[in-house]
Amino acid sequence: MDPHSRLSQFNQRAPKTGPFSPSVRFEPTQKVTLDKYTKASSSSMPSDSPLFTSRPIATNSRVKQDEQFKKDMFLAYVNKAIREKLNGHSKDFDDLVDQFSPNKSTLAPTVSSLQLRIWLSALSHVLSRLERRHAPLVEAIVRLPWSTMDAVFVKSYIVFIGMLISARPEYLSLVLNRIAMGFTYQSGLLAVASNLEGSTPLTRRVVYDRQHALLEHLLNLVPTLPSSLAPLLVRNFPHKRQPQAAHVAYIRNLLRVTEYCSELSERVLGLIVDRALMVDVEIQVELEELEDAEPTDSELFEFDPFDTIVGQEGDSSDEEEDVDDGLSDLSSDASSDSGAEDTLTDTRHIHDMVSKLDAILRLVFDHFNKLHSSIPTVLVPSSPSLHSTITYDRDSQSYEPHTLLAIQFHTLLAIFDRSILRTFKSRYTQFLIFWYASLHPEFSDLFLGLLVDKALFGSASASGVERAAASSYIGSFVSRAQFIDREGARRAVKVLCAFLGAHLDAVEAGNATSNNHSVFYAVVQSVFLVFCFRWRDLQEEPDEQEVGRKIWISELGVVQRVITSDLNPLKVCSQNVVHQFARIAQATDFTYCFSILEANKRAPYPVFAGVAPGSAGPQELHTFFPFDPFKLPRSGEYIQGVYREWATVAIGDEDDEDEDEDEDDLIEEGPTVDDWEHGQGGSCIPITASKRGESDDDGLGASFGGMSISPARSRKAAMTMSAS
């Protein structure tokens, strides 16, 4: 066949898509029909029509060229806006600021996150040229609700803020203040409105995680950042009247900051303790008196604010405003008809304060326990001295966690010395150091060492009131702490008795000052209290010839001298403690005090010498027992295992059967607070419990094992004080 013929098989050219197998190369082509096309496609232009042109496919390089062109346009606009602003023409600059300004009604960005990323990319090239007149642009960027936007934009935003602070450090305070505001509870409520429409709902945990990611990034860039951040964290701390969720959210964020910024640990922990004390001092009522009140929503339904969708757990601001309004009416000239409503509102307020303090202390306990639980065993050896230092096994691989645990304890000890010890109306906050001291004997030893130094050795910075308070802490701590062993209790009592003996010697020699008498009575009361709880540990092992007799440590011999001295501590100290001590001392054949109590009943008060008017007299010390029973339900779980209840050490009823009825009548008719509450003036430790106006039907043991060994404050008086 002619190869040039039009019927030749050589005229069938192969397609340009590539080679194909020879077996297929010379096969006849299949006839193409239009049956498989729809009518719409049949009316289209045929492929061999001269009017048909195929659209070129966009390659990656072409897309990149378009993106680069767009970035160049944005950069040119930014350069022009920055330059024109310096020349006095602010139109382009104002338009640029509007790109980052959120909608006033929805708080959402007015442009897409993709376009905002391009703007940030363009601005990153001119950061060094930003001056003070460009501050509105920086402020708009910082106020942008970036933490609720998509993850890609969040990453770009964090990088941009790091570049901004590196180039212009003067904006660090502005950024840090915004981060601190982002840790608050209300910032999450605003974030739901700024969340872009159609995006996935965010939980508060995600929003807070992004704030911490930005702060950690800045901390790596600016080592001096903690000094600038600390006052901002204080400024944004929720007020004590704000709801519980606000405190929980902010405190959890603050404690998380301490995990990656150890420089702020002491300041943050001190801030939390100070705010807990502000709530604590308002709870001057026994919790049993509030059992008949209706529980709050937070008590009925426990929820984690971090795991809730922002803005969907309800706004509790209205509820809090109602409480504030009710409290404001208490100070106004309200009519008598509103008395019941005021009482109900105030009861609700006390309930809120109790629940709030319980949540705060639980967060701090969890924070402490998180570090403690990461350490399998404690390698710190116990020291027999009250003034020893901490030593560690440096060859152990767990040296660093133990060091952190000790550092945290010393931080808490400094906070106790600075704040808690000087707050005499607190009821629960001091249990933070009570629990921490239980982690190891060395910690409890150091805590007692601080108290002994404050109370007995009278450092230059310690006032008489502070020394008396430290004495009360010694007695309450040794009495209530289960982790204080026999030797620890004996050492503490020996030190206290040595002080009492030296003070009596000074009084007899005429060298005692009147200011030391208040400390003397506080120490005597502590010895009485420790004896009531730990009298079994204060006995010596009898010899074979003395089997059946109770032999006491020799240092307790000064107690007989104390109770018969002219200072007459049985008249001055807490009558609850005095009468319980008298009972136990008689039951254990230690000493007999009821004859002195009968004489004190007929004698005028006070029967002691040398207390100058205006000094810190002992009449206010009788009600200060720092470690009374802990009744907060959630945080109380940490205290239950390390706290000594009166029921575990009380002498049985069979031991009291031999007591005369006259002695019982003497106890019930003992002097009340009204007899001598205003006997002396001057600055004293404030009373934290009520006046003894009710008889003790169950005996004095009930006051030790009940709500408090302190006399119970009346409900009406407590509400009046908390409202003021």
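Just so you know, these numbers come straight off a predicted model, no measurement behind them. (Residues numbered from 1 in each chain as written. Predicted model: local features only at pLDDT ≥ 70, side-chain atom pairs only at ≥ 80, totals over all residues. Heavy atoms only, no water.)

## Focus on the overall build of the protein
Working step 1: For the protein, the helix and strand inventory stands at 29 helices and 2 strands.
Working step 2: Looking at the protein residue by residue over its 724 residues, the buried ones come to 49%.
Working step 3: In the protein, of all internal contacts separated by at least 6 residues, the share reaching a separation of at least 24 is 78%.
Working step 4: Counting only carbon and sulfur atoms, one obtains 51% of the accessible surface of the protein, whose full area is about 36200 Å². (Helix = DSSP H or I, 4+ residues; strand = E, 2+ residues; numbered from the N terminus. Buried < 20%, exposed > 50% of the residue type's maximum accessible area, 1.4 Å probe, protein only. Contact = heavy atoms within 4.5 Å. Areas by Shrake-Rupley, 256 points an atom, 1.4 Å probe, with all protein chains shown as cover.)

## As for the nonpolar core
Working step 1: F100, F531 and L556 are the most contacted members of the largest nonpolar core, which has 175 residues in total.
Working step 2: Among residues more than four places away in sequence, those in contact with F100 are L116, W119, L120, L123, L137, A140, I141 and L144.
Working step 3: Counting 6 residues, the second largest nonpolar core, distinct from the first, contains Y185, A245, A246 and F306. (Core = buried A, V, L, I, M, F, W, Y, C linked by side-chain atoms within 4.5 Å.)

## Digging into the packing of aromatic side chains
Working step 1: Evaluation of the coordinates by the stated rule reveals 37 aromatic pairs.
Working step 2: Measuring from ring centre to ring centre gives 5.1 Å for F365 and Y638, while their planes differ by 20°; the resulting arrangement is stacked. On the criterion of sequence distance, the pair formed by F365 in helix α16 (residues 339-373) and Y638 in the loop between α26 (594-602) and α27 (661-668) is long-range, its members being 273 residues apart. The pair F365 / Y638 is uniform in exposure class, with both members buried.
Working step 3: Through pairs of rings, three or more aromatic residues link up here, namely F416, Y428, F431, F434, F447, Y473, F477, F483, F627, F630 and Y643. (Phe/Tyr/Trp six-rings, centres within 6.5 Å; stacked < 30°, edge-to-face > 60°.)

## Observations concerning the packing of helix α6 (residues 135-142) against helix α8 (residues 172-182)
Working step 1: Across the interface, α6 lies against α8 with an axial gap of 10 Å and an inter-helix angle of 25°. Regarding the angle of α6 to α8, the classification is roughly parallel. Both α6 and α8 take part in a crossing whose hand is right-handed. Counted together, V138, E139 and V142 of α6 and L174, V175 and R178 of α8 form the full contact between these two elements. (Axes fitted to C-alpha atoms, helices over the stretch in contact; angles between N-to-C directions. Parallel < 35°, antiparallel > 145°, perpendicular 65-115°, else oblique. Left-handed = near helix turned anticlockwise from the far one by under 90°.)

## Observations concerning the packing of helix α12 (residues 244-260) against helix α13 (residues 265-280)
Working step 1: The interhelical angle for the contact between α12 and α13, taken along N-to-C directions, is 160°, at an axis separation of 9 Å. Classed by the angle they form, the pair α12 and α13 counts as roughly antiparallel. Considering the relative orientation of α12 and α13, their crossing is left-handed. Seen from α12, the contacting residues are I251, L254, L255 and T258; seen from α13, they are S265, V268, L271 and I272.

## Some details on α12
Working step 1: The end-to-end C-alpha separation of α12 is 25 Å, in line with the 24 Å expected for 17 residues at 1.5 Å each.
Working step 2: With 14 of 17 residues buried, α12 is to be regarded as a mostly interior element. (Expected span 1.5 Å × (residues − 1).)

## Focus on unusual backbone geometry
Working step 1: In this structure, N568 is a non-glycine residue whose phi angle is positive, near 50°.
Working step 2: Relative to the helices and strands, N568 resides in the loop between α23 (557-563) and α24 (569-572).
Working step 3: Accessibility expressed as a relative area gives 5% for N568, which makes it buried.
Working step 4: In this model, D589 sits at a positive phi of 60°, which is unusual for a non-glycine residue.
Working step 5: For D589, the location among the structural elements is in the loop between α25 (575-587) and α26.
Working step 6: We classify D589 as exposed; its relative accessible area is 64%.

## Some words on the confidence of the model for the protein
Working step 1: Residue-level pLDDT values for the protein average 75, and 62% of them are 70 or greater.
Working step 2: Taken as a whole, residues 295-301 scores under 50 in pLDDT and shows 8 contacts with residues more than four places along the chain or in a different chain.
Working step 3: This stretch, residues 314-337, has a pLDDT under 50; its non-local contacts, to residues over four places away or in other chains, come to 24 contacts. (pLDDT = per-residue confidence, 0-100.)

## Section: the pattern of salt bridges
Working step 1: Scanning the entire structure with this criterion turns up 19 salt bridges.
Working step 2: Among the salt bridges present, the one from D92 reaches K80, with a minimum N-O distance of 3.7 Å. Taken together, the residues D92 in helix α4 (residues 91-100) and K80 in helix α3 (residues 60-86) connect sequence positions 12 residues apart.
Working step 3: Residue K80 is classed as partly exposed on the basis of its relative accessible area of 39%.
Working step 4: In this structure, the salt-bridge partner of E282 is K240, at a minimum N-O distance of 2.5 Å. Of this pair, E282 sits in the loop between α13 and α14 (297-300) while K240 sits in the loop between α11 (225-235) and α12, and the two are 42 residues apart along the sequence.
Working step 5: E282 gets classed as buried once you look at its relative accessible area, which sits at 8%.
Working step 6: The network of salt bridges with shared partners includes D417, R422, K454 and E466. (Salt bridge = Lys/Arg side-chain N within 4 Å of Asp/Glu carboxyl O.)

## Quick word on α6
Working step 1: Counting buried positions along α6 gives 6 out of 8 residues, so the element sits mostly inside the fold.
Working step 2: Turning to α6, its buried residues number three or more, namely A135, L137, V138, A140, I141 and V142.

## Looking at the environment of G182
Working step 1: Residue position: G182 is located in helix α8.
Working step 2: Spatially, the C-alpha atoms of G182 and Q211 are 6.7 Å apart, while their sequence positions differ by 29 residues.
Working step 3: Ignoring anything within four residues of it in the chain, the contact list for G182 reads S187, Y208 and Q211.

## Re the side chain of T411
Working step 1: Looking at the secondary structure, you find T411 in helix α17 (residues 399-420).
Working step 2: Apart from the residues lying within four places of it in its own chain, the contact partners of T411 are E266 and L269.

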